[in-house]
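# Observations on the model geometry
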Amino acid sequence: MIAVEFIIVLLAIFLGARLGGLGIGFAGGLGVLVLAAIGVKPGTIPFDVISIIMAVIAAISAMQIAGGLDYLVDQTEKLLRKNPKYITILAPIVTYFLTLFAGTGNISLATLPVIAEVAKEQGIKPCRPLSTAVVAAQIGITASPISAAVVYMASVMEDASMVGAGHTVSYLTLLAILLPATFLAIVIMSLIIAWLFNSKLSDDPVYQARLAEGLIELRGSQVKTIKPGAKLSVLLFLLGVVSVVIYAIINSQSLGIVETPLMNTTSAILIIMLSVATFITLFCRVQTDAILNSSTFKAGMSACICILGVAWLGDTFVQHNLEWIKATAGDLIHEHSWMLAVIFFFCSALLYSQAATAKALMPMALALHVTPLTAIASFSAVSGLFILPTYPTLVAAVQMDDTGTTRIGRFVFNHPFFIPGTIAVILAVLFGFLFGGMIL
C-alpha cells in the first residue's frame, strides 16, 4: 500500500511541476484528495508556516510600494558596480543578507536584473553570479531570524517533548550555529565556482550566436527615482526584524528572563510584521490597493498556496507511514547521521519550500531520536529547491539572462544552479556539524 501512496504523491508533484506556479499547490491538494479516497487520513495543514509568510510578505510588499525595494536595489547596484570583477562572489553575499533581512528569498528577485547586467558589462557569463546568488538566497532562508523555516525549527528545538528533556536548544543558540555555517558555505561555494569554472562570456557559443543575431542588449546603469518614504520604510522593516529577535531573546527558555512568555515567537512575528506593514502604510503614505498588485505580494501569496498543497501532501504521506519509516530508516540514520541531510535535500525539491520540508520531516527525524546536533546541522539541507529548475527565483534568473548562458539542459538536472547549490548545501551541513559541535 505504501508504494501506491508514494506513486500518488509523485504523480501529484509531477502534475504540479507541469502546471507550474500556483498549479503546484493545486496538485498537492488533489494528491491529498486521492490519498483520502483510498483511506489515508489527511495530515496537518502548516497554517503557522503559511501565516508567517503572509505577514512578512505583507510588510515587504508595503515596503516595496513605499520605494524601499528600489532603494535596496539601488544600493546593491552601487556596490556591484564598484567591484564588478568580483560579482560572482559579491552577488551571493548580497542576496544572502537581503534574505536574512527579509525572511524570504523572493526579495532577491529585484536584484537579478542588476546582477545579469553587471556581469555582461564585465564579459562574465551571467550564469555564474546568477546561479550563486539564487542558491545563496535559498540557503539564507535557513539562517534568517524571521523566516518561517527558522522560527519553526526554533519552536521544535525548544520543545522538550520533541527533543527530550535536557536536550533543548534555544533560538539564540540555533542562530549562533546556522548564521556562520551558512555564510561561510556560500562564500566558499562562490570562490570555488569562480575558480573552477570558465566565466569568460565570449567563450560561450550560445552567447556568440545570440550576439550575431542582435539579441543581446546592454542597458547600463539605470537611473532610479527613489520615493521620499523609501528609506523610512526600510528603517521600519529593519526595526521590525530587530524587535522579533529581541522578543525571542527575552523569552528564550535558556536565559530564563521571562518565566511564562505571553506568546510564542510565531505569534510575535505575526503581530510585529503586521504592525510594521501598518506603520509603513501610515507614515510612508502607501495606498493599500497598490500593495495587492505588487510583484512581491503576488509572489508571496503564490508561495503560500504552493506550500499549502505540497506541504499538506507531504505531511499526509509521512504521518500515515511514520512507523514504517521509523522501522526502515531509524537504524540507518543512527549509524550514518549525514543521511538525514540527504533525505532533507532531496525531499525539499519535491516539497518546494524550506519551511514545508522542515514541517513535514523534522518531527519524523526527532521521532527517530536523532541528536539535536544532527537535526540542526542537517537543517540547511532543506534548501535543495534548486534541484528541479521550477522554483520562481531560478526561473526568473533564466529569463533575465538574454545572453543564453543561464539555460536549462535537455536532461532537466544539467542546469547552472545544480553544482553551486549542491556544494553550498554540503558545506553548510559540514559547518553546521563543526559549529554545532563547538557550541552544543
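None of the values given here were measured: they were computed from a predicted structure.

### Structural notes on the overall build of the protein chain
Of regular secondary structure, the protein chain possesses 21 helices and zero strands. By the compact-globule yardstick of 22 Å for 440 residues, the protein chain fits well, its C-alpha radius of gyration being 21 Å. Based on the C-alpha atoms only, the size of the protein chain along its principal axes is roughly 60 × 50 × 45 Å. Within the span of the protein chain, comprising 440 residues, buried residues form 55% of the whole. Residue pairs at least 24 apart in sequence account for 82% of intrachain contacts in the protein chain once pairs closer than 6 positions are excluded. For the protein chain, the exposed area adds up to about 18,700 Å²; of that, 67% sits on carbon and sulfur atoms. In the protein chain, 21 side chains carry a positive charge and 21 a negative one; their mean positions are 10 Å apart.

### Here we look at the packing of helix α10 (residues 171–196) against helix α21 (residues 418–439)
Remark: α10 packs on α21, axes separated minimally by 7 Å, with the N-to-C direction vectors making an angle of 145°. In the crossing of α10 with α21, the sense of the turn from one axis to the other is right-handed. Counting all contacts with α10, which are made through Thr-173, Ala-176, Ile-177, Pro-180, Ala-181, Leu-184, Ala-185, Ile-188, Met-189, Ile-192 and Ile-193, the residues of α21 involved are Ile-419, Pro-420, Ile-423, Ala-424, Leu-427, Ala-428, Phe-431, Gly-432, Phe-435, Gly-436 and Ile-439.

### Quick word on the nonpolar core
In this structure, Met-63, Phe-237, Met-273, Ile-280, Met-362 and Phe-379 are the most contacted members of the largest nonpolar core, which totals 142 residues. With 12 residues, the top contributor of residues to this core is helix α3 (residues 47–65). Not counting residues within four places of it along the chain, the set of residues in contact with Met-63 comprises Gly-68, Leu-69, Leu-72, Phe-101, Ser-233, Val-234, Phe-237 and Ile-280.

### Topic: unusual backbone geometry
You will see that Arg-285, though not glycine, has its phi angle at about 55°, which is positive. By relative accessible area, Arg-285 is classed as exposed at 75%. The phi dihedral of His-369 falls on the positive side, at around 65°, and the residue is not glycine. Within the fold, His-369 resides in the loop between α18 (354–367) and α19 (372–379). Accessibility expressed as a relative area gives 63% for His-369, which makes it exposed.

### A few points about the packing of aromatic side chains
Under the definition given, this model contains nine aromatic pairs. For the ring pair Tyr-96 and Phe-183, a centre distance of 5.8 Å and an interplane angle of 45° mean the geometry is tilted. Of this pair, Tyr-96 sits in helix α5 (residues 87–102) while Phe-183 sits in helix α10, and the two are 87 residues apart along the sequence. Owing to a relative accessible area of 1%, Tyr-96 belongs among the buried residues under this scheme. Ring geometry for Phe-345 and Phe-386: centres 5.8 Å apart, planes at 55°, overall tilted. You can see Phe-345 sitting in helix α17 (residues 338–351) and its partner Phe-386 sitting in the loop between α19 and α20 (392–400), a full 41 residues away along the chain.

### What to know about the side chain of Thr-266
Structurally, Thr-266 can be placed in helix α13 (residues 265–283). Not counting chain neighbours up to four residues away, the residues in contact with Thr-266 comprise Asp-48, Ile-52 and Val-151.

### Describing the environment of Gly-68
Among the secondary structure elements, Gly-68 is positioned in helix α4 (residues 68–82). Gly-68 gets classed as buried once you look at its relative accessible area, which sits at 0%. In the structure, Gly-68 is positioned 162 residues away from Ala-230 in sequence and 4.3 Å away in space, judged by C-alpha atoms.

### Notes on the packing of helix α8 (residues 148–157) against α18
Relative orientation of the contacting elements α8 and α18 amounts to 20°, with a least axis distance of 8 Å. The angle between the axes of α8 and α18 places the two elements in the roughly parallel class. Pair α8 / α18 crosses with right-handed handedness. Residue-level inspection shows Ala-148, Ala-149, Tyr-152, Met-153 and Val-156 of α8 in contact with α18, the latter providing Gln-354, Ala-355, Ala-358, Lys-359, Met-362, Pro-363 and Leu-366. Class assignment of the residues belonging to the contact of α8 with α18 gives a composition of 10 nonpolar, one polar and one charged.

### As for the pattern of salt bridges
Any two side chains of opposite charge can pair if their charged atoms end up close together. Enumeration over the complete set of coordinates arrives at seven salt bridges. When the shortest N-O distance is used, the salt bridge between Asp-402 and Lys-120 registers 3.0 Å. Of this pair, Asp-402 sits in the loop between α20 and α21 while Lys-120 sits in helix α6 (residues 112–121); the two residues are 282 residues apart in sequence, bridging distant segments of the chain. Each member of the salt-bridge network shares a partner with another, and the members are Glu-77, Arg-81 and Glu-121.

### Describing the confidence of the model for the protein chain
Scored by pLDDT, the protein chain has a mean of 86; 95% of the residues are at 70 or more. Confidence, expressed as mean pLDDT per element, reaches its minimum in the protein chain at helix α9 (residues 160–163) with 73 and its maximum at α21 with 95.

Cut-offs used in this document
Residues numbered from 1 in each chain as written. Predicted model: local features only at pLDDT ≥ 70, side-chain atom pairs only at ≥ 80, totals over all residues. Heavy atoms only, no water. Helix = DSSP H or I, 4+ residues; strand = E, 2+ residues; numbered from the N terminus. Rg over C-alpha atoms; globule rule 2.2 N^0.38 Å. Buried < 20%, exposed > 50% of the residue type's maximum accessible area, 1.4 Å probe, protein only. Contact = heavy atoms within 4.5 Å. Areas by Shrake-Rupley, 256 points an atom, 1.4 Å probe, with all protein chains shown as cover. Lys, Arg positive; Asp, Glu negative; His and termini not counted. Charge placed at Lys NZ, Arg CZ, Asp CG, Glu CD. Axes fitted to C-alpha atoms, helices over the stretch in contact; angles between N-to-C directions. Left-handed = near helix turned anticlockwise from the far one by under 90°. Core = buried A, V, L, I, M, F, W, Y, C linked by side-chain atoms within 4.5 Å. Phe/Tyr/Trp six-rings, centres within 6.5 Å; stacked < 30°, edge-to-face > 60°. Parallel < 35°, antiparallel > 145°, perpendicular 65-115°, else oblique. Nonpolar A, V, L, I, M, F, W, Y, C, P; charged D, E, K, R; others polar. Salt bridge = Lys/Arg side-chain N within 4 Å of Asp/Glu carboxyl O. pLDDT = per-residue confidence, 0-100.

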